[in-house]
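The residues making up each chain are set out below.
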2 protein chains.
Amino acid sequence: MEDQLGDQQRGENGGAEGKGDISADGSIRGFESLHRLLEANLKPQIFQEVSRLLLGLNCGRPLERLALPEPAASLAAKHDFDLQAFCFHADKELLRQPRIVRVGLIQNSISLPTTAHFADQKKAIVQKVKPMIDAAGASGVNVLCLQEAWMMPFAFCTREKRWCEFAEPIDGESTQFLQDLARKYNMVIVNSILERDVNHGEIIWNTAVIIGNYGNIIGIHRKNHIPRVGDFNESTYYMEGNTGHPVFETAYGKIAVNICYGRHHPLNWLAFGLNGAEIVFNPSATVGELSEPMWPIEARNAAIANSYFVGSINRVGTEVFPNPFTSGDGKPQHSDFGHFYGSSHFSAPDASCTPSLSRYRDGLMISDMDLNLCRQIKDKWGFRMTARYELYAAMLSEYLKPDFSPQVIVDPMLHKKP
Amino acid sequence: MEDQLGDQQRGENGGAEGKGDISADGSIRGFESLHRLLEANLKPQIFQEVSRLLLGLNCGRPLERLALPEPAASLAAKHDFDLQAFCFHADKELLRQPRIVRVGLIQNSISLPTTAHFADQKKAIVQKVKPMIDAAGASGVNVLCLQEAWMMPFAFCTREKRWCEFAEPIDGESTQFLQDLARKYNMVIVNSILERDVNHGEIIWNTAVIIGNYGNIIGIHRKNHIPRVGDFNESTYYMEGNTGHPVFETAYGKIAVNICYGRHHPLNWLAFGLNGAEIVFNPSATVGELSEPMWPIEARNAAIANSYFVGSINRVGTEVFPNPFTSGDGKPQHSDFGHFYGSSHFSAPDASCTPSLSRYRDGLMISDMDLNLCRQIKDKWGFRMTARYELYAAMLSEYLKPDFSPQVIVDPMLHKKP
């Protein structure tokens, strides 16, 4: 924990330069993102090539930075959040106009200590997120997604049920707050909440509420896959979702939401694709030691395999809870969940991606994307057409049987003596 | 093509240092791998951190280089192939011994021009691959995989059927050659061939033959997914495989083979996993402009999602054919397939991976891996247990129906005027 707080401090103090400090033991700490660390330490020409490789820009489509209107930059400077904006391109078509939408992702830390009154904690988070939504609105963002359970600390590590007080109905406090902003900015907003299902015995879900650009609620999706790993004791609080894999046809394209741990399940990504998604958001809360090596891989793979855009969001900072808890790893009790490493970014169907937002600071990531690219990549690679789903429908049906027998060919020489 | 030959030359002349040359237009060419480019251009401490991030070593398991016996290094120096060796670790268990196997991947260019007599072409490739197999044998490699259709040029870009002469039966020339070496080195060898199925009307398949460490043929797997993209006109030559997703239980663990384009299909990877694979090889032939951004992503994602090791192999060099052909991209006729960028590497279930072999030179990649890591990661992350396969079996069955209706929730405000 000392270490994580140290990380946080470094981020707050000197992280904006993103260069990384060499600490006493020779390791590099406090860099904002891999991209910025490389940018600060490589010659420009070498950086350009490395960046091209890491962002998957081999296909000849350069990644462009997007110029944002002045109010967005002012808000970022005033409220100290990371603001980055990029642009994905598609080919021009003869029979379809480009379908360029501007999409935004917001990552944030909590604002008050977790010991503060719950009502004050919510209010403080809303206050810090509001300027970021305003910056998105001022930038003309069409579709905006917030991080998983953004209006509360990610308290599921504690296994204490009192945090269920943060749960709210579909049309609760956070939805109402965002409905106003959706109307104001003519913006679709994905609101990720801890849901209390009052019509079904007060049960708890992990839910995304899709708010249309008129402020209307288009529908919901409930998290399909619930982790039981590390401090992610979410199965203590809510069960697997019962809403399938809905795709929401909005004014700005067909969107879906793969909540957090669902990103580890290729079939979950696939199902949203089969239902026609063009952008899939992955609002998450995940910590460094556990998942950071997977973070740049899974979203990009999903975008490639399913020919759609992915917007990945992770919260930032270290959240310390009032009562210490153990983590099932034999280590002493402690009071924090580890460092949420931010690093929100976009992935595209052509295997390119944007750099990531800061590992330490709140941030707004914006990207323009021509949704025509999805079909163009489908036509080019033909993954849907070559997928042989009939094989896998049959195999999964077999696999589900308790007496499933795997297709194993045993070397007959295996048990012979030499 | 000039460009690609230029690349090749740079690789041959100065690439071994891997530093990358800055060419007249300011771009960097001729570097051996991203890893070596970074190593040559970053301060050691920064490189260490960048390397840790790129290789996914956040989980606290450092990637170690493996010391190989002298004969292997001598062979690499004498025959000018890239030789790299690493070591993946697992936790110690109380009730199981470590199951450490040493696994090898070979990548190679062709040897003679494609205009040479076919028999001479095969002989010359065998001659250049033999010292690499000997180096693997001298290093105590237990399981070795060769690249896709290693004993022929990847001529499928031409759509000329005369290249079918390279096809051979399961127990043909290349298998016989490798059976001797399997016996000699007590090594399992995966032999990837263009197969002529003499018992079924002389039809052609793309097939992996699994040779046991006694030189016996354990079984075969035929490529499941056939590309129709770029110059990959493989569907002109062979059809989708009919051998399912077999896992081969060998003296050194349960292995499977996902051939080339099958790596773009998460369900293909999944099926090998459901059948119990611990190592899945992906012998490939793929070129830079088309797939290089995807190459570092898909294999690692498969290893993560399925809790097994992946060994990825791609051939190297530019293959020029006697008759020019067009590529369906409106560009003028040309005679080569583009640059096969090598970059063979291993991925592990804990999201770590090795650096890659050269983008230009033949190479042998070796890694020790404790297969116990597969089950340890399954127990930790529980992806199999949280996968809800019943949802996806049902969905795929529905999707296969011609009248499938995607789960789409349309914003009722969509067609209202503001």
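What counts and how
- Numbers given to residues run from 1 along each chain, matching the order in which its sequence is written.
- Ligands are numbered from 1 and chains lettered from A, in the order in which they are written.
- Where local features are concerned, this predicted model is filtered to residues with pLDDT of at least 70; where side-chain atom pairs are given and counted, the filter is 80 or more; whole-chain, interface and lining totals use all residues.
- Only hydrogens and water are removed before side-chain values are computed, so all heavy atoms of the structure are retained for them.
- UniProt positions are given in the numbering used here, feature names are shortened, and annotations may be inferred rather than shown by experiment.
- Alignment of copies: least-squares fit on C-alpha atoms of residues with pLDDT of at least 70 in both copies.
- By this definition, two strands are paired if DSSP reports at least two bridges between them.
- A run of DSSP states H or I qualifies as a helix once it reaches four residues; a run of E qualifies as a strand once it reaches two. Both are numbered from the N-terminal end.
- By definition in these notes, contact holds between two residues if any of their heavy atoms fall within 4.5 Å.
- A fitted line through C-alpha atoms represents every axis, and for helices the fit uses only the stretch in contact; the resulting angles, taken between N-to-C directions, go from 0 to 180 degrees.
- Note on terms: buried area is the combined drop in 1.4 Å-probe accessible area of two parts once they are placed together, counting the loss on both.
- The term salt bridge refers to a side-chain nitrogen of Lys or Arg lying within 4 Å of a carboxyl oxygen of Asp or Glu.
- Any pair of N or O atoms that falls within 3.5 Å is considered a polar contact. Within protein, one atom must be able to donate a hydrogen and the other to accept it, and sequence-neighbouring residues count only if both atoms are side-chain atoms.
- Cavity means a closed set of points on a 1 Å grid over the protein atoms alone, one where a 1.4 Å probe fits but cannot get out, pocket means an open set with protein on both sides within 12 Å along at least 5 of 7 lines, and lining means a residue has an atom within 4 Å of a point.
- Grid points are joined across faces, edges and corners, and a volume is the space filled by probe spheres set on the points.
- All residues other than Ala, Val, Leu, Ile, Met, Phe, Trp, Tyr, Cys, Pro, Asp, Glu, Lys and Arg, Gly among them, are scored as polar; the first ten of these are nonpolar and the last four charged.
- For every residue, the accessible area obtained with a 1.4 Å probe (protein chains only) is divided by the maximum for its type, and the residue is called buried under 20%, exposed over 50%, and partly exposed between those limits.
- In this entry, domain limits derive from an automatic or database-based domain assignment.
- In this analysis, rings of Phe, Tyr and Trp, with Trp reduced to its six-membered ring, are considered paired at centre separations within 6.5 Å, and the interplanar angle assigns stacked below 30 degrees, edge-to-face beyond 60, and tilted for intermediate values.
- Seen with its strands pointing away from the viewer, a crossover is right-handed if its path from the first strand over the helix to the second goes clockwise.

Under the annotation held in an unreviewed UniProt entry, chain A carries the name Beta-ureidopropionase and is attributed to Phoenix dactylifera. Within the UniProt record for chain A, the comment given under Pathway (unreviewed entry) is "Amino-acid biosynthesis; beta-alanine biosynthesis." Database annotation for chain A, UniProt heading Sequence similarities (unreviewed entry): "Belongs to the carbon-nitrogen hydrolase superfamily. BUP family."

## Structural notes on the relation of the copies chain B and chain A
If you rotate chain B by 180° and push it 0.0 Å along the axis, it lands on chain A with an RMSD of 0.0 Å. Accordingly, the operation relating the two chain copies is best matched by a two-fold axis.

## A short note on the sheet that holds strand E5 (residues 100-107) of chain A
All names here are of chain A. Across the sheet, eight strands lie side by side as E3-E4-E17-E5-E6-E7-E8-E9; this open sheet has mixed pairing. What marks the edges here is a single partner per strand, and that holds for strand E3 (64-65) and strand E9 (217-222). Bridge count for strand E8 (residues 203-211) against E9 is five bridges, and the pairing is antiparallel. Within E9, the position partnered with Ile-211 by the bridge is Ile-217. Running over the sheet, helix H6 (residues 173-185) touches strand E6 (143-146), strand E7 (188-197), E8 and E9 and is turned about 165° from E7.

## Comments concerning the interface of chain B and chain A
Residue-level contacts link 97 residues of chain B with 96 residues of chain A. When chain B packs against chain A, close to 9000 Å² is buried across both sides, 67% of that on carbon and sulfur atoms. At the boundary of chain B with chain A, the tally comes to zero salt bridges. Our enumeration of links across chain B and chain A arrives at 36 residue pairs in polar contact (both at pLDDT 80 or more). Top element by residues in the side of chain B that touches chain A is helix H11 (residues 389-400) of chain B. It accounts for 10 residues. The sheet contact formed by strand E18 (residues 408-410) of chain A and strand E10 (residues 247-250) of chain B spans three bridges and is parallel. Bridge pairing links Ile409(A) to Phe248(B) in E10(B).

## A look at empty space enclosed by the protein
This model, assessed by the stated rule, comprises 11 cavities of 30 Å³ or more. Put simply, the largest cavity is a space of about 990 Å³. As for the largest cavity, its lining consists of 42 residues, of which Leu34(A), Leu54(A), Leu34(B), Leu54(B) and Arg300(B) are closest to the centre. Where the lining of the largest cavity is concerned, the elements lending two or more residues are helix H2 (34-41), helix H3 (44-54) and helix H9 (295-306) of chain A together with helix H2 (34-41), helix H3 (44-54) and helix H9 (295-306) of chain B. A breakdown of the residues in the lining of the largest cavity according to their chemical character gives 22 nonpolar, 14 polar and six charged. Empty space within the second largest cavity amounts to approximately 180 Å³. Lining of the second largest cavity is provided by 24 residues; of these, Leu270(A), Ala305(A), Asn306(A), Pro266(B) and Leu267(B) occupy positions nearest its centre. Breaking the lining of the second largest cavity down by element, the ones donating at least two residues are helix H7 (266-274), H9 and helix H11 (389-400) of chain A together with helix H7 (266-274) and H9 of chain B. Here the lining of the second largest cavity is built from residues that sort into 13 nonpolar, eight polar and three charged.

## Focus: the pattern of salt bridges
All names here are of chain A. Scanning the entire structure with this criterion turns up 50 salt bridges over all chains. Across the pair Lys-223 and Glu-148 runs a salt bridge, and its minimum N-O distance is 2.8 Å. Taken as a pair, Lys-223 in the loop between E9 and strand E10 (247-250) and Glu-148 in the loop between E6 and H6 lie far apart in primary sequence, 75 residues in all. Across the pair, exposure class does not vary: Lys-223 and Glu-148 are buried alike. For Arg-359, the salt bridge goes to Glu-292, with nearest N and O atoms at 2.8 Å. Here Glu-292 lies in the loop between helix H8 (288-291) and H9 and Arg-359 lies in the loop between strand E16 (345-347) and strand E17 (363-370), a separation of 67 residues in the sequence. Take Glu-292: its relative accessible area is 11%, and that puts it in the buried class. Each of Glu-32, Arg-36, Asp-80, Asp-82 and Arg-361 takes part in salt bridges that share partners, so that together they form one network.

## So, the domain arrangement of chain A
Residue and element names in this part refer to chain A. Domain boundaries assigned for chain A yield domain 1 (1-54) and domain 2 (60-381). Centre-to-centre separation of domain 1 and domain 2, based on C-alpha positions: 24 Å. Listed as interface residues are 12 residues of domain 1 and, on the opposing side, 17 residues of domain 2. Here domain 1 packs against domain 2, burying approximately 1300 Å² in sum over the two surfaces, 52% of which is carbon and sulfur. One can count two salt bridges joining domain 1 with domain 2. Between Asp-82 and Arg-36 there is a salt bridge, with its nearest N and O atoms 2.9 Å apart.

## Observations regarding the packing of aromatic side chains
Counted according to the given criterion, the structure contains 40 aromatic pairs over all chains. For the ring pair Tyr261(A) and Phe383(B), a centre distance of 5.9 Å and an interplane angle of 45° mean the geometry is tilted. Remark: Phe383(B) occurs in the loop between helix H10 (372-381) and H11 and Tyr261(A) occurs in the loop between strand E11 (253-257) and H7; the pair is interchain, linking two chains. The pair Tyr261(A) / Phe383(B) is uniform in exposure class, with both members buried. Geometrically, the ring pair formed by Tyr399(A) and Tyr389(B) is edge-to-face, given 5.2 Å between the ring centres and 85° between the ring planes. Highlighted residues: Tyr399(A) in helix H11 and Tyr389(B) in helix H11, drawn from two different chains. With a relative accessible area of 21%, Tyr399(A) lands in the partly exposed category.

## Comments concerning the pairing of strand E5 (residues 100-107) of chain B
Residues and elements named next belong to chain B. Within E5, seven of the eight residues are buried, leaving the element largely enclosed by the surrounding structure. As judged from the eight bridges shared by E5 and strand E17 (residues 363-370), these two strands associate in the antiparallel manner. The residue of E17 that forms the bridge with Gln-107 is Gly-363. The pairing of E5 with strand E6 (residues 143-145) spans three bridges and is classified as parallel. Directly across from Val-103, in E6, lies its bridge partner Val-143. Read as a crossover between parallel neighbours, the route from E5 over helix H5 (residues 118-138) to E6 is right-handed.

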